[in-house]
Amino acid sequence: MSQASAATLAFVRRHRRAHRSPQQRSDRFTGLYTVGLYTAIGAWIGFQALRQSPARGGSSVWLAGGGLARAGTVVLLLGLLAALRYATWQGPVVFSAPDVHFLLGAPLPRAELVRDRLARGLLLGAGIGAALGLGAFVLLEAELGVAAWPLLAAALLGPAALGVLAAALGWLVEASPATARVVLRASPLVLAVAAAAWLGGVAAVKVDPWSGPWGWGVGPLVAAAGGHDPGWPVQAALLAAITAAAVIAAWRTAARVTLEELERRAGTRTGLGASLFTADPRGAALLRHEAVRGLLGVRRLRLHHPRHRWLAVPWRDALSLLRAPGRVGWALVLCGGGVLTVAAAPDRRLLAAGAVVVAYLGAAQLVEPLRGEADQPDASRQFPWRWGDLILLHTVTPILTLTVAGLALSTTATLLGLLPGAALGMALAACLPVAAALVGSAAIAGQRGRLGLDQLVTASAMGELGGPMYLARWFATGPLVALVVLLPPVLVLQGAAGRPSPRFQAAASNAAFLLVVALAIQGGWLRSRHPPA
């Protein structure tokens, strides 16, 4: 970089720093202080709660027996995948629209401007990784009670290094649309690797710490927690080496990104900020979907036109899912995670409730056509059906899709030995009503349309406590309905587990009755709805 360019950049930095108001500095300090304070308070409360928990023995044995290696590897691998997928549409280096138009368009060295943001992204990645490691330290120290300082060092340094690696690789993804497409298309394979790392048993305990950077960051933590991992120094050295190499590569490629790519991400950032300011997560999700579709394109698939008019809406929904297979994939992943969780620990009520919520999120991926209908309710007047009947027609394709996924997942769980063969018939019979309950819960939330100005005004009028609770209830309606519908039958079955066959069959009949009644109430309520205002 020439002396003139260096002097110009220095002038720009001084000028922007001088025009930063004291209120902006105060807001940043207040935000950082608030996050730090609540993090410390939450860590202390969690530590004390776990220390006083009466069930520490079983968790300690599980963690020391290889559970920590498997869980840590899966968490870090999924975190790295999330960071790389985020880099396909935003990333560690994002400029504002005025910066793109005026600053990057000026005759200034773009590499230096990018490196300033890249350095912040690397620090942010290290901070997020360290925060994750701090949470792991609190949990492990409360459960295991081992030496604190070695455990703290391993818990902070490994995830922090992986966070820096994720930020550096994120920039390489951001600078190359071809690499971004590879990340998006390879995501299902990475999820399969994560499932194998979790379900691999004794073999996974030995293989996971050597499986890649996500495992190298866990090895020192396993050793500090009292586990068996004699190769942790080599793993730490490998993680440090690959992190340094990625940072150097990202630093050297700072000038390779195109102005058009930065401008596209700046526009997405503007829309994302507006969506978050108006509490519109659906708008943010649509922005991400549009950005991803711009990379992968739209699949031009066709289906034969239906012969009956009532099949027109399910046909259109099926075509929409075929053109966006990612929604079906995420539904399969989320519902599969819920099924495998319940199959692995069928007597844990809290895990069952979490599995219901996760499965609901999977079902919510499939009702996007219904949400699109609710965004433009005037278009439904062209159909010869009432609004309630149109909602029920929109649930046909998601229910059938989720049923097929449930049949495949139940069979897979049986083949893996997680589900007894005697329970396979009941599981297969439950796929259709459970899918209907999940999709119905998602339809109840989706048919309302987006969070509008009326709801925001109502929330603001309810005060500092009532307003956030009102908004939380609005967004949590779907998961709460799913819990109300599905959790009672699950609890009935859990209560009868291990009992003689006649009592279990009676419990299964009671659970089926509760589910059928809930489905009838859901269907009647949906059919009575009117278009959103």
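Residues numbered from 1 in each chain as written. Predicted model: local features only at pLDDT ≥ 70, side-chain atom pairs only at ≥ 80, totals over all residues. Heavy atoms only, no water.

## So, the overall build of the chain
At step 1: The helix and strand tally for the chain stands at 23 helices and zero strands.
At step 2: For a compact globule of 533 residues, the expected C-alpha radius of gyration is about 24 Å, and the chain comes in at 26 Å, within 12% of that figure.
At step 3: C-alpha atoms of the chain, sized along the principal axes, occupy 80 × 60 × 50 Å.
At step 4: Per-residue burial over the chain gives 39% buried out of 533 residues.
At step 5: Partitioning the intrachain contacts of the chain with sequence separation of at least 6 by distance along the chain shows that 76% fall at a separation of at least 24.
At step 6: Put simply, the chain shows about 28,300 Å² of open surface, and 68% of that area lies on carbon and sulfur atoms.
At step 7: Positive and negative charge centroids in the chain, built from 46 and 23 side chains respectively, lie 4 Å apart. (Helix = DSSP H or I, 4+ residues; strand = E, 2+ residues; numbered from the N terminus. Rg over C-alpha atoms; globule rule 2.2 N^0.38 Å. Buried < 20%, exposed > 50% of the residue type's maximum accessible area, 1.4 Å probe, protein only. Contact = heavy atoms within 4.5 Å. Areas by Shrake-Rupley, 256 points an atom, 1.4 Å probe, with all protein chains shown as cover. Lys, Arg positive; Asp, Glu negative; His and termini not counted. Charge placed at Lys NZ, Arg CZ, Asp CG, Glu CD.)

## Here's the deal with the confidence of the model for the chain
Detailed reading of predicted coordinates is not advised where the pLDDT is low.
At step 1: Here the chain shows a mean pLDDT of 84. Residues at 70 or above account for 95%.
At step 2: No element of the chain has a lower mean pLDDT than helix 1 (residues 3–18), which averages 70, and none a higher one than helix 11 (residues 232–252), which averages 94. (pLDDT = per-residue confidence, 0-100.)

## Topic: the pattern of salt bridges
At step 1: Evaluated as defined, the whole model comprises 12 salt bridges.
At step 2: Between R265 and E261 there is a salt bridge, and its shortest N-O distance comes to 2.9 Å. One end of the pair, R265, and the other, E261, are both in helix 12 (residues 259–277), four residues apart, so they sit about a helical turn from each other.
At step 3: E373 is the salt-bridge partner of R316, the closest N and O atoms lying 2.6 Å from each other. Of the two residues, R316 is situated in helix 14 (residues 312–323) and E373 in helix 17 (residues 368–375); the sequence distance between them amounts to 57 residues.
At step 4: Classification of R316 as partly exposed rests on a relative accessible area of 35%.
At step 5: What makes E373 buried here is its relative accessible area of 6%.
At step 6: Linked through salt bridges whose partners overlap, the residues forming this network are R282, R327, E368, R371, D375 and R450. (Salt bridge = Lys/Arg side-chain N within 4 Å of Asp/Glu carboxyl O.)

## Concerning the environment of A161
At step 1: Here A161 is to be found in helix 6 (residues 148–174).
At step 2: For the pair formed by A161 and F95, sequence separation is 66 residues and the distance between their alpha carbons is 25 Å.
At step 3: Residue contacts for A161: discarding those within four places in its chain leaves L239 and T243.

## Points about the environment of A250
At step 1: The topology assignment puts A250 in helix 11.
At step 2: Remark: the alpha-carbon pair of A250 and G170, spanning 80 residues in sequence, is separated by 8.9 Å.
At step 3: Here A250 is in contact with L118, A168, W171 and L172, once residues within four sequence places are set aside.

## Overview of a nonpolar patch on the surface
At step 1: Together, F29, Y33, L37, Y38, I41, W44 and I45 make up a nonpolar patch on the protein surface, roughly 830 Å² of accessible area in all.
At step 2: Mapping Y33 onto the fold places it in helix 2 (residues 22–51). (Patch = residues over 30% accessible without salt bridge, like charges linked within 9 Å, V, L, I, M, F, W, Y side chains within 5 Å.)

## A word on the nonpolar core
At step 1: By size, the foremost hydrophobic cluster in this structure holds 58 residues, and its most contacted members are L68, F95, V114, W171 and L221.
At step 2: At 13 residues, helix 6 tops the list of elements feeding residues into this core.
At step 3: Contacts of L221, omitting those with residues within four sequence positions, involve L68, L140, L151, A154 and A155.
At step 4: In this structure, C335, A374, W385 and I444 belong to the second largest nonpolar core, which totals 37 residues. (Core = buried A, V, L, I, M, F, W, Y, C linked by side-chain atoms within 4.5 Å.)

## Some remarks on the packing of helix 22 (residues 463–495) against helix 23 (residues 501–527)
At step 1: Where helix 22 contacts helix 23, the axes come no closer than 8 Å and their chain directions differ by 170°. As judged from the angle between their axes, helix 22 and helix 23 are roughly antiparallel. Of the residues in helix 23, those in contact with V481, V485, L486, P488, P489, V492 and L493 of helix 22 are F504, A507, A508, N510, A511, L514, L515, A518 and Q522.
At step 2: Among the residues forming the contact of helix 22 with helix 23, the class breakdown is 14 nonpolar, two polar and no charged. (Axes fitted to C-alpha atoms, helices over the stretch in contact; angles between N-to-C directions. Parallel < 35°, antiparallel > 145°, perpendicular 65-115°, else oblique. Nonpolar A, V, L, I, M, F, W, Y, C, P; charged D, E, K, R; others polar.)

## Some thoughts on the side chain of D317
At step 1: Note on placement: D317 falls in helix 14.
At step 2: One buried charged residue, D317, forms no salt bridge at all, with the nearest opposite charge on R316 at 4.4 Å.
At step 3: Once residues lying within four places of it in the same chain are set aside, the contact partners of D317 are P369, L393, H394 and T397.

## Examining the state of the cysteines
At step 1: Throughout the structure, instances matching the rule amount to zero disulfides.
At step 2: C335 carries a free sulfur, and the closest cysteine sulfur to it, the one in C431, is 10 Å from it.
At step 3: Given a relative accessible area of 8%, C335 falls into the buried group. (Disulfide = S-S within 2.5 Å.)

## Here's the deal with helix 13 (residues 281–296)
At step 1: Compared with the 22 Å implied by 1.5 Å per residue over 16 residues, the 23 Å span of helix 13 between its first and last C-alpha is a close match.
At step 2: Within the span of helix 13, buried status applies to R282, G283, A284, A291, V292 and L295.
At step 3: Of the surrounding secondary structure, the elements contacted by the buried residues of helix 13 are helix 7 (177–199), helix 12 and helix 17.
At step 4: A positive backbone phi angle near 80° is found at G297, which sits one or two residues after helix 13. (Expected span 1.5 Å × (residues − 1).)

## Notes on the packing of aromatic side chains
At step 1: Applying the stated criterion across every chain, the model contains two aromatic pairs.
At step 2: An angle of 80° between the planes, with centres 5.7 Å apart, marks the rings of Y86 and W89 as edge-to-face.
At step 3: Classification of W89 by relative accessible area gives buried; the value is 10%.
At step 4: Between F383 and W385 the ring centres are 5.8 Å apart and the planes differ by 20°, which places this aromatic pair in the stacked class.
At step 5: Directly above the ring of W525 sits R529, whose terminal nitrogen or CZ lies 3.8 Å from the centroid. (Phe/Tyr/Trp six-rings, centres within 6.5 Å; stacked < 30°, edge-to-face > 60°. Lys NZ or Arg CZ within 6 Å of the ring centre and 35° of its normal.)

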